[in-house]
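Letter by letter, the chains look like this.
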Amino acid sequence: MTEAKLHDGSTIHLEVHGQGPTVLLPVNPVPIEGAKADDMRKWGVDPALGRNLIDGLSDAFRVVAFDYEGHVLATPKPDTLTPANIAADLLAVADAVDADRFAYYGYSWLALSGLQLAIRTDRLSALVMGGYPPLGGPYAEMLSVTMATYEMSGQDPAPQKTQPKAEGTKADEYDWDSAEVTMTEAQTRQFVTLYEGLQDFDDRAAQASLSCPRLCFAGSADKIEYGERWGGVDVDIAGPMVNRRAELESFGWDVRVLDGLDHIRAMQVANVLPILRPWLESRIR
């Protein structure tokens, strides 16, 4: 195990597994256990998602795993989690393992972080974005949601508690109006900082800066309608990939849409590995 020093002076632990072309994976390499794991399973989330991704790739690639999301939640960066600083952090991880060239796979906000990295470096051998569109991204909508989350993080929690989704429930059927915000103000403020820094980002113009092989994917049911409490916006991840697929492909993207899957299900290893591994093998091995 080694460490990388990030933009705010904090350090993050890295795990390196396997040999071959380097792939950076911002995932938690340590499986979650106990009651928290049981609760995650009720939501359809694999408590060992990161570890299973590592195991599914490390016989063919040199996998560098680091829990970036866990790190920023444990060590919040309320004023400095900007797109440029995130890209610098990812490059610091690559530097710490002596990876001059590397592929990157991220999901959700870690996917858009990969796009910010790609426009700032020529060191990427491949880019994979899951659960966030490279074109027509919902940056304004996500700012509304994160701002609402930040504002609620300073309030006393509501007395009611939201129950886990029943098996088969889609993301857009979840009762967001009754959900509680459990993160601190510092934790939520850093994501406001991130999306504030992306309001002037032109993802169409950015396509000209991309040269490495690139893949994007999302579940076809990846859309959440937030009530007024959360800003009253629709965060549509699948729509841009479906409706602008030809445009994405003309810019050099390989596009995969996973039929019937929502945001949570599309990120699970059973759905990701059959796409990710053969694509990486065809592009960088």
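This text goes with the structure placed above it.
For clarity, every value in this text was computed on a predicted model and none was experimentally measured.

A. Highlighting the overall build of the protein chain. Tallying secondary structure elements over the protein chain gives 10 helices and 10 strands in all. Relative to its length of 285 residues, the protein chain is compact, with a C-alpha radius of gyration of 18 Å against a globular reference of 19 Å. The dimensions of the protein chain, computed from C-alpha atoms along their principal axes, are 50 × 40 × 35 Å. Taking contacts inside the protein chain between residues at least 6 apart in sequence as the whole, the part at least 24 apart equals 75%. Total accessible area computed for the protein chain in this model is approximately 12,400 Å², and 47% of it derives from carbon and sulfur atoms.

B. Inspection of the pairing of strand β5 (residues 102-107) at higher detail. The buried count for β5 comes to six of six residues, which makes it a mostly enclosed element. Covered by surrounding structure in β5 are F102, Y104 and G106 together with A103, Y105 and Y107, the residues of both alternating faces. With two bridges joining them, strand β3 (residues 22-25) and β5 adopt parallel strand pairing. Considered in β5, the bridge of V23 is made with A103. In the classification by handedness, the crossover that spans β5, the intervening helix α5 (residues 109-118) and the parallel strand β6 (residues 124-130) is right-handed.

C. Main features of the pattern of salt bridges. If you walk through the whole model with that rule in mind, you get 12 salt bridges. Of the charged contacts, one joins R277 and D59 as a salt bridge, the two residues approaching to 2.5 Å between their closest N and O atoms. Taken as a pair, R277 in helix α10 (residues 269-284) and D59 in the loop between α2 (49-57) and β4 (62-65) lie far apart in primary sequence, 218 residues in all. Across the pair R189 and E196 runs a salt bridge whose closest N-O atoms are separated by 3.3 Å. Judged by its relative accessible area of 22%, R189 is partly exposed.

The rules behind these values
- Residues numbered from 1 in each chain as written.
- Predicted model: local features only at pLDDT ≥ 70, side-chain atom pairs only at ≥ 80, totals over all residues.
- Heavy atoms only, no water.
- Helix = DSSP H or I, 4+ residues; strand = E, 2+ residues; numbered from the N terminus.
- Rg over C-alpha atoms; globule rule 2.2 N^0.38 Å.
- Contact = heavy atoms within 4.5 Å.
- Areas by Shrake-Rupley, 256 points an atom, 1.4 Å probe, with all protein chains shown as cover.
- Buried < 20%, exposed > 50% of the residue type's maximum accessible area, 1.4 Å probe, protein only.
- Pairing = 2+ DSSP bridges.
- Right-handed = clockwise from strand over helix to strand, strands pointing away.
- Salt bridge = Lys/Arg side-chain N within 4 Å of Asp/Glu carboxyl O.

Treat this as a map of the structure, not an account of what it does.
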